[in-house]
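Now for the letters of each chain:
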Amino acid sequence: MSPSKGKIRVLIAKPGLDGHDRGAKIIARAFRDAGMEVIYTGLRQTPEQIVTAAIQEDVDVIGISILSGAHLYIFPRIIELLKEKGATDMLVIGGGIIPEIDIPKLKQMGVAEIFTPGTLTSNAIEFVKEKLQGK
Amino acid sequence: MNDSIKKEKERWKNKMVDSAVKRYPERKELFTTVSGKPIKDLYTPADIPEIDYLKKLSFPGMYPFTRGIKATMYRGRLWTMRQFSGFATAEESNRRYRLLLERGQTGLSVAFDLPTLMGYDSDHLLAIGEVGKCGVAVDSLQDMETLFDGIPLGKVTTSMTINAPAAILLAMYIAVAEKQGVKPDHIGGTVQNDILKEYIAQKEWIFPPLPSMRIITDMFAYCSKEIPRWNTISISGYHIREAGATAVQELAFTLANGIAYVQAGIDAGLEVDEFAPRLSFFFNSHNDLFEEVAKFRAARRIWAKVMKERFKAKKERSWWLRFHTQTAGCSLTAQQIENNIVRVTIQALAGILGGTQSLHTNSKDEALAVPAEEAATTALRTQQILAYESGVANTIDPLGGSYFVEKLTDEMEEEAWGYINKIDEMGGMIAAIERGFPQKEIMEAAYRYQQAIEKKEKIIVGVNKFLMEEEEQPPFLMIDSEVERAKQIKKLQALRSKRNNSKVKECLKRLRLAARGKENLMPFILESVKVYTFLGEIVDVLREEFGEYQEPSVF
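Conventions adopted
- Residues numbered from 1 in each chain as written.
- Chains lettered and ligands numbered in written order.
- Predicted model: local features only at pLDDT ≥ 70, side-chain atom pairs only at ≥ 80, totals over all residues.
- Helix = DSSP H or I, 4+ residues; strand = E, 2+ residues; numbered from the N terminus.
- Buried ≥ 20, exposed ≤ 12 C-beta atoms within 10 Å, placed from the backbone.
- Contact = placed C-beta atoms within 7 Å.
- Rg over C-alpha atoms; globule rule 2.2 N^0.38 Å.
- Core = buried A, V, L, I, M, F, W, Y, C linked by C-beta atoms within 7 Å.
- Domains from an automatic or database assignment.
- Axes fitted to C-alpha atoms, helices over the stretch in contact; angles between N-to-C directions.
- Parallel < 35°, antiparallel > 145°, perpendicular 65-115°, else oblique.
- Nonpolar A, V, L, I, M, F, W, Y, C, P; charged D, E, K, R; others polar.
- Pairing = 2+ DSSP bridges.
- Right-handed = clockwise from strand over helix to strand, strands pointing away.
- pLDDT = per-residue confidence, 0-100.

(A) Quick look at the overall build of chain A. In terms of regular secondary structure, chain A is built from 5 helices and 5 strands. For chain A, the succession of helices and strands along the chain, N to C, is β-α-β-α-β-α-β-α-β-α. The principal-axis extents of the C-alpha atoms in chain A amount to approximately 35 × 35 × 25 Å. Residue burial in chain A is summarised as follows: out of 135 residues, 52% are buried. Sequence-distant contacts, at least 24 apart, represent 73% of the contacts inside chain A between residues at least 6 apart.

Here you go:
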C-alpha cells in the first residue's frame, strides 16, 4: 500500500546488542499517534531479520534506533541488504547516540536522516510525512 | 502552633498572594517536578504536622537513617569519586584507569562492552560492530590481568557494571587479585549483578528469572564467606530512571527489587544478616534538585523499615541503604553540550545533599559518544569542586528540616509504599515483571515526559528553548570496533593455542553438572576462569542448561 492511498507503514527496529529501547518505543508510539501503522521488531535484531521484516510488512519507512556505537556497521549492512532485495524505495532513518561526524557518512550510504538526542518526535513525524508526500 | 500558622497562611494568601497574582499572574498554572509531581507555592510547618523528629528523622547513623547512614558522613570521609569508564581493549582502559587515579579519583568503575555484558566472546557473530564500543572487551582472565595491571587491588576498590555474567567477571577479579598476592578477603568492590532491573529497563539479560536468581543467591552465599568486603549486588534504579521512570517509580521499583533479592536469599536458606549488609544500591540523579534529595532520604527510611520490620534483620548494617549515584545520562543534550556541565553539577549536588556513598559525574559529551579524556577530567573536577570548594560537605543533611524537603520526602515515601504494596499483591517483583507491570508504568511515564517537552510544558535549554546555530562539535573519542575486534580475536586465538584445553573441558563439564544440581556455582566458575576458559564458553554452558529469557515487547 503506498502512502498516498493509505496509512504510512513504519518498521521500528532495534539492531545490535544494545538494550536501550526508550527512544525506539517513544518514536514508535509517536508515529502511531500521528496516524501511521507501526511495527516494532523488539530487541537484538540482525540486519537480515530487519530487512526481512521490512519487506514482509511492506513498510514505507525503516526507523533504526541504535545507541551502542555500532551504527557504522549496522546501517551499511541494512542498506546493502535492501539493495540486494530490490527494496531501495524504503525510507531509512535512524536515531540514537551518533556523533555528528558520522552523519554525513551515513547519509552518503543512503540513510535519509539521523535524529540525535533531543530531537522532538514532531520533527521526525514531519520529516517522514514530507519525504513520503511525493511518492 | 500549626493552627495559627494555617490561619496566618490563609490571611497571607488572601491579602498578599491573590492581589499579587491579579497584577502579575504566576508563570504557570501548575508547577511540577521533573517527574510531573505538583509542587505548592510555599511550605510551612503546617505541611509536616506529624513530624516526630526522633521517629522520622533521628540522627545520622541512627534508625531510620533519614539523615544519613554514618554518624559523621562527609565530615569523616568524603564520598568515593568513582568514574565509570572503559572502552576499546584492556590495554587502553588500563591506561585510562591509571590516569583517573593519578588525577585524584578514589575508586574504579568498569564499563564492559556489549558482547561482554551479553556473554559473547569478541569472535562471536553478534559481536561484530560492538567490540570495545561502549565499554572494554573482556574475553578471558588474560584481559582482566591486563585491565588491572599495575593497579593494587588490595588498595583500590572496584565497581563492575556487569549483570547476567557477573559471577564470571567477579571470579576473574578474584583470580587477578590472587595473582597480585592479594587475598580474597582483602579485596573490596561491587558487582552490579541486578538482573531484575535488566528485565525491567536495561535489557541486558541472558537467562530466565529463576536460574538468574539462583546465580545471585549463590553469589550472596559464596561472597559472605570468601570475600566479605565485596558488595554482592548493586540494586539499581539508575537504568529504570533512564528508561523514563519518574523519581517515585525509580525509588519504588528499585526497593521492590531489593525486597525480591532479600526474599530469594532467605528462600535459599541464608540467614538475612549474613548477606544483607553487603547489598548496595545505585540511584540516578536528575535535574530536579529537591525531588532527588527527597528521593534519597525516603529510600533510606523505607529500606531501614523493610529490613528491620519485614525481614527482621538484627544487624544495623543490614538496615543501611548504602548507595552509589550517577548523574542522569538521559538529561544530557546533544545540543550546546557545554550546558551539560551545569546539569551535571546540579545533579551531583543533589546526590551529595542526599547523602550518597559514591558518585559518578557524567561527561558533557555523553549524548554523543564515549567521553573524551578532557571531558572526563572536567566531570571529575566537578566533584572535587563540590567537595572542596562549595562547603556543602561541611554539615550533615543540610536540607533536613526544610519544610519543603521534609514534606516531599514524606510524600515520596508514601507513594513508593503504594507501588511496593501493589507489587506484593501481584506476588512479588518477578510476577510483576512477567505481567509487564513496571515496564508499562515506565513506558507511560517516558511518553508523558516526551510530550511535556514537545508541548513546552517542560523546558530543556537548547532543545525546545534558547536554541542556536552551533559550530562543529569538538572531536570525540572514536573507537573503530573492527580494529578492536581484530585485536581481541588475535588474543583469543593465541590464548586458545597456549592454554591447557583439556583442563578447560574438564572445568566446563564440572560446571555443567553443578548447574544441573544444587551446588553453589561460584567455585566451579572460579576454577574455570583460572584455566583461562573464555567468558563465552562459560556462558554457553549455562545458556544450554538454563535457557534464554524472551521478552514480551510492547510499546
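(B) Here's a closer look at the overall build of chain B. From N to C terminus, chain B includes 22 helices and 9 strands. Its C-alpha atoms give chain B a radius of gyration of 24 Å, near enough to 24 Å, the size a compact globule of 555 residues would have. The C-alpha extent of chain B, read off along each of the three principal axes, is 85 × 60 × 45 Å. Taking the intrachain contacts of chain B between residues at least 6 apart in sequence as the baseline, contacts between residues at least 24 apart amount to 78%.

(C) Here's a closer look at the nonpolar core. All names here are of chain B. Counting residues in each nonpolar core, the largest one holds 192 residues, and the members touching the most others are Leu255 and Ile525. Examining the composition of this core, we find that 12 residues originate from one element, helix H10 (residues 247-267), more than from any other. Taken domain by domain, the makeup of this core includes at least three residues from each of domain 1 (53-454) and domain 2 (498-546). Residues in contact with leucine 255, not counting those within four places in the same chain, are Ala299, Ile302, Trp303, Val306, Ala416 and Ile420.

(D) Expanded view of unusual backbone geometry. All names here are of chain B. Tyrosine 63 connects to proline 64 through a cis peptide bond whose omega is 0°. Mapped onto the elements, proline 64 comes out in the loop between helix H2 (53-57) and strand E1 (80-85). Backbone geometry at lysine 456 places phi at a positive 60°, although glycine is not the residue there. Mapped onto the elements of the fold, lysine 456 is located in the loop between helix H18 (437-454) and helix H19 (481-498). Positive phi is not limited to glycine here, since tyrosine 532 has a value of about 65°. Inspection of the secondary structure assignment puts tyrosine 532 in the loop between helix H21 (522-530) and helix H22 (535-546). With 22 C-beta atoms packed within 10 Å, tyrosine 532 lands in the buried category.

(E) Expanded view of the packing of helix H8 (residues 209-226) of chain B against H10(B). Residues and elements named next belong to chain B. Packing of H8 against H10 leaves a shortest axis separation of 9 Å and a crossing angle of 70°. Between H8 and H10, the angle falls in the class roughly perpendicular. From H8, Met213, Ile216, Thr217 and Phe220 reach across to H10, where they touch Tyr261, Ala264 and Gly265. Along the lines of polarity and charge, the residues of the contact of H8 with H10 split into 5 nonpolar, 2 polar and no charged.

(F) Molecular detail of the sheet that holds strand E7 (residues 279-285) of chain B. Residue and element names in this part refer to chain B. In space, the 9 strands of this open sheet follow the order E5-E4-E3-E2-E1-E9-E8-E7-E6, with parallel pairing throughout. One side of each edge strand has no neighbouring strand; the edge strands of this open sheet are strand E5 (230-231) and strand E6 (233-236). For strand E3 (residues 158-161) and strand E4 (residues 189-191), the ladder comprises 3 bridges, and the chain directions are parallel. From the neighbouring strand, threonine 158 faces E4, where its bridge partner is glycine 189. The sheet contacts of H10 involve E6 and E7, and relative to E6 the element is tilted by about 145°.

(G) Just the pairing of strand E2 (residues 107-111) of chain B, in detail. Residue and element names in this part refer to chain B. With respect to burial, E2 is a largely interior element, 4 of its 5 residues being buried. Where the polypeptide runs from E1 across helix H3 (residues 90-102) and back to E2, its parallel neighbour, the crossover connection is right-handed. Both E2 and E3 contribute to a ladder of 4 bridges, which runs parallel. Paired with serine 109 across the bridge in E3 is serine 159.

(H) A look at H21(B). Residue and element names in this part refer to chain B. Of all the positions in H21, only Met522, Phe524, Ile525, Leu526, Ser528 and Val529 are classed as buried. Against the buried residues of H21 lie helix H5 (141-147), helix H6 (166-179), H8, helix H20 (501-516) and H22. With its phi angle positive at about 65°, tyrosine 532 sits one or two positions after the end of H21.

(I) Structural view of the interface of chain A and chain B. Counting residues at the interface gives 27 residues for chain A and 35 residues for chain B. The set of elements that each furnish at least two residues to the side of chain A that touches chain B consists of helix H1 (22-33), helix H3 (71-84) and helix H5 (121-133) of chain A. A per-element tally of the side of chain A that touches chain B places H1(A) first, with 5 residues. Here the side of chain A that touches chain B is composed, by residue class, of 12 nonpolar, 9 polar and 6 charged.

(J) Here's a closer look at the confidence of the model for chain B. Averaged over every residue, the pLDDT of chain B is 95; the share at 70 or more is 99%. Predicted complex, confidence summary: ipTM 0.87, pTM 0.94.

(K) A look at the sheet that holds strand E2 (residues 37-40) of chain A. Residue and element names in this part refer to chain A. An order of E2-E1-E3-E4-E5 is seen for the 5 strands of this open sheet, with the pairing classed as parallel. The open sheet is flanked by E2 and strand E5 (113-115), the only strands paired with a single partner. Recorded for the sheet is a direction-independent mean angle of 20° between the axes of neighbouring strands. Where strand E1 (residues 9-13) and strand E3 (residues 61-66) come together, 4 bridges link them in parallel fashion. Its bridge partner being in E3, valine 10 is matched across the sheet by valine 61. Together, E1, E2, E3 and strand E4 (91-96) form the strand contacts of H1, whose direction differs from that of E2 by roughly 160°.

(L) Just the domain arrangement of chain B, in detail. Residues and elements named next belong to chain B. If you check the domain split of chain B, you get domain 1 (53-454) and domain 2 (498-546). Measuring from the centre of the C-alpha atoms in domain 1 to the corresponding centre in domain 2 gives 28 Å. With 26 residues of domain 1 in contact, the opposing surface of domain 2 contributes 16 residues. Counting residues per element, the ones that place at least two in the side of domain 1 that touches domain 2 are H5, H6 and H8. By residue class, the composition of the side of domain 1 that touches domain 2 is 18 nonpolar, 5 polar and 3 charged.

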